Amino acid sequence: MTLLCHAQALSLDQVVAAIYETVIRPEQFDRFFQPPPSERAVTLRRGGTATGARDRGTQLLQSHFARAAEIHEGQWQQANRQHPGSYKGVCSRFWLLVDAGSGGRLINASQGAARQLSGGAELIDAMGLTAASSNRWRDFLRQVHQGAVSGQEVLLLETGTAAEYILCRPVLTSRSGGAARSVMAERLELEWDSAAAVQVASVIGATADELAPLERASAEGALVAGSVIDLASRLGAPDIAAVVRLAAFLMTEHVRDLKVARGEVLPPASTLVERNGRRSQYFRLGAETGQPVIFVHGILDGIAPLQRLQPQLRQLGFRVFAPMRGGYGSSDPLAPGEDPVEACVRQLDALIATEGLQKPILLSHRAGALFACTAANRLHRKIPALLAVAANCNASSPRQFSGIRGYAWLVAFCAGRAPWLLPVLLKGWATAIRWYGHEILLRAQTAPGSRERARLDALHLLPLLKQSQDLFLNKGGAGCLADVRVMRRGFAHMGLGQKTRAVFVHGGEDQVAPLPQIREALRGMGNAQLCVSQEAGASLFYTFPELVLTALQDCAVAASE
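Summary of the structure given here. (Residues numbered from 1 in each chain as written. Predicted model: local features only at pLDDT ≥ 70, side-chain atom pairs only at ≥ 80, totals over all residues. Heavy atoms only, no water.)

1. Things to note about helix H10 (residues 227-235)
Buried residues dominate H10, accounting for 7 of its 9 residues. Taken together, the buried positions of H10 are occupied by Val228, Ile229, Leu231, Ala232, Ser233, Arg234 and Leu235. Gly236 sits one or two residues past H10 and shows a positive phi near 75°. (Buried < 20%, exposed > 50% of the residue type's maximum accessible area, 1.4 Å probe, protein only. Helix = DSSP H or I, 4+ residues; strand = E, 2+ residues; numbered from the N terminus.)

Right, dumping it as structure tokens:
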């Protein structure tokens, strides 16, 4: 479990990506209207320490803050050196620039903010401030107008929306210097969590005391200054607001990753439109940049095993796409008589083209191996590696699904002996899930009293499985029905193109897809590697996820060669 536990932490790569995301923004063009760099550096670094600069992690962040500032200045040059007060470019974020005097007269706003104000809404209403925050906002405008607020202090105001704040900071409107006379108000997402705060502080080289002002401000709505100024100095950040944005971004991202992993929310979803007009739903997991991975789901538990690893996938730098095959989730069902395997290959090809993926790894689970192997063959020029976890791609005889229990066994049996009963069985299956609990489909693949069953029971997977299985029954089980028929047909041998590296991670205790069956299916494939965990069974993806992550890293190395 060493790799898995290590991957729970935030990585420097995540921080670096967050620096570029939070620094390069047009609403921050006003920093080029600040005093000359030499004067600004003296002001910012007053009270900073030199010891932090010797730390390699701190030096790395300093270099990326500097590089982000260079890119930001380049964009400012391309925008004809506009001040945020006159900027008219496209910006999806919410921000307002107001005159600190004249009762808070609006100087400029992003498109989203302008739309909210177009109906005559007041600034306070557009920002969604609470009553207490509204009073603090007016006081802050007055203090800025009077020159009583330093250029390094920022104000965090609560709104009526959970995890949403307004970040306010003084802004100069010209290079002439003097006191700021306007205020920039930016919408800031921040989900404060004590455990996440510890990880954020650790990865950016901060102490708990240095982030304490941000915690107090998030709870009460207050000025953020003090020790955060020292932290900004040590990291080489352009100002204190940059540190606030960075910490808020990292913390919110990590908290939401944990919610995805627990099944409290679904990952972000998009829609893929193929040439024939078919629409498919696909989810995005892991990091925003990095090695692309396409997940080919199974039948019983969908994206649940992958979703559970969202924090680790982001930390390890995997950019994962999880398309729903026809009839699953919001994806259009297949046409009568259409081959699900062929449809899956077309779907994956369209996804690769739409997202512009370079050398994506195919990651499959259980029955998804059948679809992934075929796709790897057909698209071998685009797919350099395949990782199949607990593969189960054949149920052509009753002996091969004798390890399944309950409704799962009945559905598999009827797929071959009485296919006309499948629609009725699927309706009964949905009822059984509600009656016995969503874990029943996963538990049906394990033996009572086994170590694997005990491991599963300790994982508390109910919310995650419920979310995933409800999603899979969204189209009345049309996708599951088509896949079960394909599984019943199966294939005995999995031949792969010589250029596609294949890794099969399997459990020695898997009774649904016994190890001898997998060995036979891989016979003669010189480019396939079989990795066996004697302690694992059919639920290997859940009980031994570190094996999956390690194999995925190995495949990423192979894909880059």
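2. Things to note about helix H2 (residues 12-23)
Relative to the 16 Å expected for 12 residues at 1.5 Å per residue, H2 spans 16 Å between its end C-alpha atoms, a close match to the ideal helical length. Those residues of H2 that sit buried are Gln14, Val15, Val16, Ala18, Ile19, Thr22 and Val23. (Expected span 1.5 Å × (residues − 1).)

3. What about the pattern of salt bridges?
Inspection of the entire model under this criterion finds 25 salt bridges. The partner of Arg245 in a salt bridge is Glu186, and the shortest N-O contact between them spans 2.9 Å. Of this pair, Arg245 sits in helix H11 (residues 240-262) while Glu186 sits in strand E5 (residues 182-189); the two residues are 59 residues apart in sequence, bridging distant segments of the chain. Comparing Arg245 with Glu186 shows no difference in burial state: the two are buried. Two residues, Glu338 and Arg346, come together in a salt bridge whose shortest N-O distance is 2.5 Å. Arg346 gets classed as partly exposed once you look at its relative accessible area, which sits at 37%. Among the charged side chains, a network of salt bridges with common partners joins Asp30, Arg169, Glu186 and Arg245. (Salt bridge = Lys/Arg side-chain N within 4 Å of Asp/Glu carboxyl O.)

4. A look at the packing of aromatic side chains
This structure, assessed with the given rule, holds 6 aromatic pairs. Ring geometry for Phe32 against Trp76: centres 4.6 Å apart, planes inclined by 15°, an arrangement best described as stacked. You can see Phe32 sitting in the loop between H2 and helix H3 (37-45) and its partner Trp76 sitting in helix H4 (residues 56-78), a full 44 residues away along the chain. Judged on exposure class, the residue Phe32 and its partner Trp76 are both buried. For the ring pair Phe295 and Phe541, a centre distance of 6.3 Å and an interplane angle of 80° mean the geometry is edge-to-face. In this pair, Phe295 is assigned in strand E9 (residues 291-296) and Phe541 in helix H23 (residues 540-543), connecting sequence segments 246 residues apart. Here Phe295 and Phe541 have matching classes, each one buried. Grouped by ring-pair contacts, the aromatic residues Phe29, Phe32, Phe33, Trp76 and Tyr87 constitute a single cluster. (Phe/Tyr/Trp six-rings, centres within 6.5 Å; stacked < 30°, edge-to-face > 60°.)

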